[in-house]
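Next come the chains, spelled out residue by residue.
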Amino acid sequence: MARGGRGRHLGLALGLLLALLLAPPALRAKPTVRKERVVRPDSDLGERPAEDNQSFQYDHEAFLGKEDSKTFDQLTSEESKERLGKIVDRIDSDGDSFVTTEELKTWIKRVQKRYIYDNVAKVWKDYDRDKDDKISWEEYKQATYGYYLGNPTEFQDTSDHHTFKKMLPRDERRFKAADLDSDQTATREEFTAFLHPEEFEHMKEIVVLETLEDIDKNGDGFVDQDEYIADMFSHEESGPEPDWVLSEREQFNEFRDLNKDGKLDKDEIRHWILPEDYDHAQAEARHLVYESDKNKDEKLTKEEILDNWNMFVGSQATNYGEDLTKNHDEL
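What you see is a predicted model; the values in this text were computed from it and never measured.

A. Spatial organisation of helix 11 (residues 243-256). If you check helix 11, its first and last C-alpha atoms are 18 Å apart, about what 14 residues at 1.5 Å a residue would give, namely 20 Å. Along helix 11, the positions that sit buried rather than exposed are Trp-244, Val-245, Glu-248, Arg-249, Phe-252 and Arg-256. Buried residues along helix 11 sit in contact with strand 4 (223-224), helix 10 (225-230), strand 5 (263-264) and helix 12 (266-273).

B. Just the nonpolar core, in detail. Residues Tyr-127, Ile-135, Tyr-140, Tyr-145, Phe-191 and Phe-194 are the most contacted members of the largest nonpolar core, which totals 21 residues. The residues touching Ile-135, leaving out its near neighbours within four places in the chain, are Trp-124, Tyr-127, Asp-128, Tyr-140, Phe-175, Thr-185, Ala-186 and Phe-191. Membership of the second largest hydrophobic core comes to 19 residues, among which are Leu-84, Val-88, Ala-285 and Val-313.

C. How the structure looks around the pattern of salt bridges. Within the structure shown, the criterion is met by 20 salt bridges. Across the pair Lys-141 and Glu-138 runs a salt bridge, and its minimum N-O distance is 3.2 Å. You can see Lys-141 and its partner Glu-138 sitting in helix 5 (residues 137-149), three residues apart, about one turn around the helix. Classification of Lys-141 as buried rests on a relative accessible area of 18%.

D. Molecular detail of the packing of aromatic side chains. All told, the structure shown has 13 aromatic pairs when counted by the stated rule. When the ring of Tyr-147 is compared with that of Tyr-148, the centres are 5.1 Å apart and the planes differ by 85°; the resulting orientation is edge-to-face. Relative accessible area serves as the criterion here: at 38%, Tyr-147 is assigned to the partly exposed category. Through a chain of ring-to-ring contacts, three or more aromatic side chains come together here, namely Trp-124, Tyr-127, Trp-137, Tyr-140, Phe-175, Phe-191 and Phe-194. Above the ring of Phe-194, the side-chain terminus of Arg-174 is found at 5.8 Å from the ring centroid. For the cation-ring pair, Lys-299 lies above Phe-98, with the distance from its terminal atom to the ring centre recorded as 4.1 Å.

E. Layout of the side chain of Glu-190. Take Glu-190: it is sitting in helix 8 (residues 188-195). Lys-134 is the oppositely charged side chain nearest to the buried, salt-bridge-free Glu-190, at an N-O distance of 7.2 Å. Of the polar contacts made by the side chain of Glu-190, one reaches the backbone nitrogen of Leu-180; its length is 3.1 Å.

Analysis parameters
- Residues numbered from 1 in each chain as written.
- Predicted model: local features only at pLDDT ≥ 70, side-chain atom pairs only at ≥ 80, totals over all residues.
- Heavy atoms only, no water.
- Helix = DSSP H or I, 4+ residues; strand = E, 2+ residues; numbered from the N terminus.
- Expected span 1.5 Å × (residues − 1).
- Buried < 20%, exposed > 50% of the residue type's maximum accessible area, 1.4 Å probe, protein only.
- Contact = heavy atoms within 4.5 Å.
- Core = buried A, V, L, I, M, F, W, Y, C linked by side-chain atoms within 4.5 Å.
- Salt bridge = Lys/Arg side-chain N within 4 Å of Asp/Glu carboxyl O.
- Phe/Tyr/Trp six-rings, centres within 6.5 Å; stacked < 30°, edge-to-face > 60°.
- Lys NZ or Arg CZ within 6 Å of the ring centre and 35° of its normal.
- Lys, Arg positive; Asp, Glu negative; His and termini not counted.
- Polar contact = N/O pair within 3.5 Å; in protein donor to acceptor, adjacent residues only side chain to side chain.

What follows is the structure, encoded as structure tokens:
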């Protein structure tokens with residue numbers, strides 16, 4: 001498996017798993033995507049090399065939102081710039097004709113929040129079967145695992161690591177953690193915490209535990225260096241490890257394994273995937289300003305943004321650009 005893109009905010013594979021759960025047996029397959037477990041650890045944004053459009057995926061997702069950034073090549077450069085100009089007007093909250101790092105950070109956080117709540121809204125009706133505006137554990141279990149619960153032989157025989165037998169109690173544990181009033185039903189906010197636990201402080205221990213369970217192949221309750229590397233890279237052909245893998249081994253020894261015992265415990269895993277001193281929106285905002293600020297006054301004019309439009313939106317602004325020209329309250 002090849003290395004994925006730059007590290008970013010912890011993503012969940014729940015949607016993919018649900019798709020696998022609900023798919024006919026012939027269509028089921030093991031997910032092979034490389035896990036991106038941690039936010040991008042760019043401590044010095046100014047030292048990053050120049051990037052071409054192919055390297056801007058992270059910036060596009062942060063600025064536009066993950067779903068909307070998937071739309072490619074449907075606008076000319078002029079159309080993209082026109083839509084970007086309208087977005088800039090929205091970001092410039094004080095109307096002083098400059099976009100500051102703080103305004104960009106606020107915008108990126110709003111984009112992230114909107115993506116999360118839109119995601120919950122899209123799947124809500126699939127689980128709220130009795131239409132009472134709550135989702136009970138039984139509703140979720142039947143919607144997600146009903147086929148397997150009705151076919152226990154097939155369910156018991158699943159031997160893959162991503163077995164549905166293993167996922168059921170894991171989902172139930174996460175659901176209970178999100179269900180703050182312990183009434184076995186989830187409000188929209190509780191269900192949002194269930195689907196996006198990394199966004200909620202009271203769910204972060206679940207994120208750490210699930211990460212440990214995913215990577216700890218020998219079941220000793222720790223993550224050693226080989227397990228750490230295997231989570232992001234596997235040899236498909238014989239030969240030496242790529243340079244980036246050697247770099248990751250150094251990262252493990254120097255920065256992940258804080259007590260230098262050769263393995264990561266839960267506290268070290270939390271420090272790795274949920275660093276308390278790192279604000280990904282702040283870092284991305286700083287990066288966008290640094291790369292676009294021609295006169296180095298630490299703020300951006302609309303002209304400076306449009307001159308570097310490819311970093312902000314490329315040709316991916318279609319749906320989001322259209323939406324932002326309308327009057328919506330959610331952003």
